[in-house]
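# Structural overview
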Amino acid sequence: MLLRHTPKEINERSAVTINPAKTCQPIGAMYAALGIHGCLPHSHGSQGCCAYHRSALTRHYKEPVSAATSSFTEGSSVFGGQANLLQAINNIFTVYNPDVIAVHTTCLSETIGDDLNQIFDKARKEGTVPAGKTLVGASTPSYVGSHVTGFANMVKAMADLAEPTGKKNGKVNVIPGWVEPSDMEEIKRLAKLVGADITLFPDTSGVLNGPLSGEYHMFPQGGVTVAELKGCGDAIGTLALGDWCSADAARLLDTKHKVPCRILDMPYGLKATDRFIDALRIISGTVVPDEVSYERGQLVDLISDMHQYFYHKKVALFGDPDQLISMTEFLVSIDMCPVHIVTGTPGKRFERRIKELTKDSPFPVNVRAKGDLFLLHQWIKNEPVDLLIGNTYGKYIARDEDIPFIRWGFPILDRQGHQYFPTVGYKGGLRFLEKVLNALLDRQDRDAPEEKFELVY
Ligand code: SF4
């Protein structure tokens, strides 16, 4: 549906969401679970939910996403899904033999009140969990929060697998938050350059961006192993990238196993990447190598070379809170002006943080947590922007308002590249700014009168 009938007049709404800027909790839980090596995600609910979760991830990553379901029928919807899940655990270990089954709940099983831990205990007592195999469970009721909440809940469940031995292993836990597999690869590359020995979890690199080898592997090579997750309790510290996605897991390791944690922003852009690299350096007692400083210098060079094209360009952004916070900071740091910022995920602290980051803006700034794309479109109608940044669903607004559009975030259903090219770190910042420049300069070329149609920028 195109949006040309969206009215300019804004009426406060509380009872209806139009074109949400979020999706359902289990999708986040399923994505996180795919970052465990040898894991089969399992959706404890109806087949329809599971089909939706799988297809949402498959369409974004262009990889087959395997997951099992408890296949609720009318009976389980009324009397509970315990029997279905017990049967499923037995079948999955017998037929597919994963190392891990990561179960998330759905609206239906949450409403019934199914207790995953109690069902897991029963499965273990019945002997359907083979030795050396692991069950992980996260409660993900989709009528609260968003896909970000589901991701965070599954990551916390992964952290809860930690089994400290009492002897520190010298490693640093890095919890990357919901970033692309390419971003996870980039975080590992940067950590290696800095000399930090990290355990990254979840880690979907090599799982959802692997090569076409001609052979099908139900469980690809990538992903954090259960042994590594158990070792998280012996780490010297945890860096959690993003308050919404990663902080709960980091705090659990801190309070339960005395692994000190720092909550950082996701390393998008110059400043947030600086803070990440600095934190890695400090915690692992290393120095930042020239190679990393060189990459940083390249990003600074691009910013200074092309600054005049960024200067005071108005931007509308929508997506997930952790990503938007770092991206807003990045845009402000290069003198762009984020003026409309929407996340579908609830949390008033998001609004506070964005207001703080944009407090010196020359333009009024609209920010909304638990907002929707209808509101974003109305804001744009009232205060037009030079650039729109967000997931694929933004293309309708971009088309109707004739705004240059950069696809960034989840889901991207109609373009490629996000799985392979990072936007975190200095190199990711370079790629992102290349996209911004291309979008702005393509528009300038399109609209320029002949006498101002420039060959060189
Ligand atoms: S019923 Fe709930 S869990 Fe299932 S797809 Fe819909 S929102 Fe997601």
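Residues numbered from 1 in each chain as written. Predicted model: local features only at pLDDT ≥ 70, side-chain atom pairs only at ≥ 80, totals over all residues.

## Looking at the site of the ligand
Surrounding the ligand, one finds C24, P26, G45, C49, Y52, T106, C107 and S142. Looking at the shell around the ligand residue by residue, the class counts come to 5 nonpolar, 3 polar and no charged. (Near = placed C-beta within 6 Å. Nonpolar A, V, L, I, M, F, W, Y, C, P; charged D, E, K, R; others polar.)

## What about the domain arrangement of the protein chain?
Segmenting the protein chain into domains produces domain 1 (25-159), domain 2 (172-291) and domain 3 (306-423). The gap between the C-alpha centroids of domain 2 and domain 3 is 26 Å. Across the boundary between the two partners, domain 2 contributes 21 residues, which contact 19 residues of domain 3. Where the side of domain 2 that touches domain 3 is concerned, the elements lending two or more residues are α8 (181-194), α10 (243-257) and α11 (269-284). For the side of domain 2 that touches domain 3, the leading source of residues is α8, giving 5 residues. Of the residues contributing to the side of domain 2 that touches domain 3, the split by class is 9 nonpolar, 5 polar and 7 charged. (Domains from an automatic or database assignment. Contact = placed C-beta atoms within 7 Å. Helix = DSSP H or I, 4+ residues; strand = E, 2+ residues; numbered from the N terminus.)

## Digging into unusual backbone geometry
Across the junction of F201 and P202, the peptide omega takes the value -5°, indicating a cis bond. As for its position among the elements, P202 is in the loop between β6 (198-200) and α9 (226-231). In the segment running from F410 into P411, the intervening peptide bond is cis, with an omega of 0°. Turning to its location among the elements, P411 is positioned in the loop between β13 (405-407) and α18 (425-447). You will see that S71, though not glycine, has its phi angle at about 50°, which is positive. Turning to its location among the elements, S71 is positioned in the loop between β2 (68-69) and α3 (74-79). Assessed through the 16 C-beta atoms surrounding it within 10 Å, S71 is described here as partly exposed. (Buried ≥ 20, exposed ≤ 12 C-beta atoms within 10 Å, placed from the backbone.)

## A short note on the UniProt feature "domain: Nitrogenase/oxidoreductase component" (unreviewed entry) in the protein chain
With numbering aligned to this structure, UniProt lists the feature "domain: Nitrogenase/oxidoreductase component" (unreviewed entry) at residues 24-440. Along residues 24-440 one finds 48% helix and 14% strand; the C-alpha atoms at either end are 33 Å apart. (UniProt positions renumbered as here; feature names shortened; annotations may be inferred.)

## Description of the environment of A88
Inspection of the secondary structure assignment puts A88 in helix α4 (residues 82-95). For A88, a count of 22 C-beta atoms within 10 Å gives the class buried. Separated by 19 residues in sequence, A88 and T69 place their C-alpha atoms 7.6 Å apart.

## Comments concerning the nonpolar core
In terms of nonpolar packing, the biggest core is built from 126 residues, with F151, M154, V155 and M158 touching the most fellow members. Sorting elements by how many residues they give to this core places helix α7 (residues 147-159) first, with 8 residues. Residues contacting V155, with those up to four places away along its chain left out, are A32, I175, P202, C245, S246 and A249. (Core = buried A, V, L, I, M, F, W, Y, C linked by C-beta atoms within 7 Å.)

## Concerning the sheet that holds strand β11 (residues 366-368)
Read from one edge to the other, the open sheet built from 5 strands follows the order β11-β10-β9-β12-β13, with strand pairing classed as parallel. A single partner strand is all that each edge strand has here, and the edge strands are β11 and β13. With strand direction ignored, the average angle separating the axes of adjacent strands in the sheet is 15°. The pairing of strand β12 (residues 387-390) with β13 spans 3 bridges and is parallel. Looking at the pairing, I389 lines up with I406 of β13. Along the sheet, helix α15 (residues 348-357) contacts β10 (337-343) and β11; its crossing angle with β11, the most-contacted strand, is approximately 155°. Contacting β9 (314-319), β10 and β11, helix α16 (residues 373-382) runs over the sheet at an angle of about 160° to β10. (Pairing = 2+ DSSP bridges. Axes fitted to C-alpha atoms, helices over the stretch in contact; angles between N-to-C directions.)

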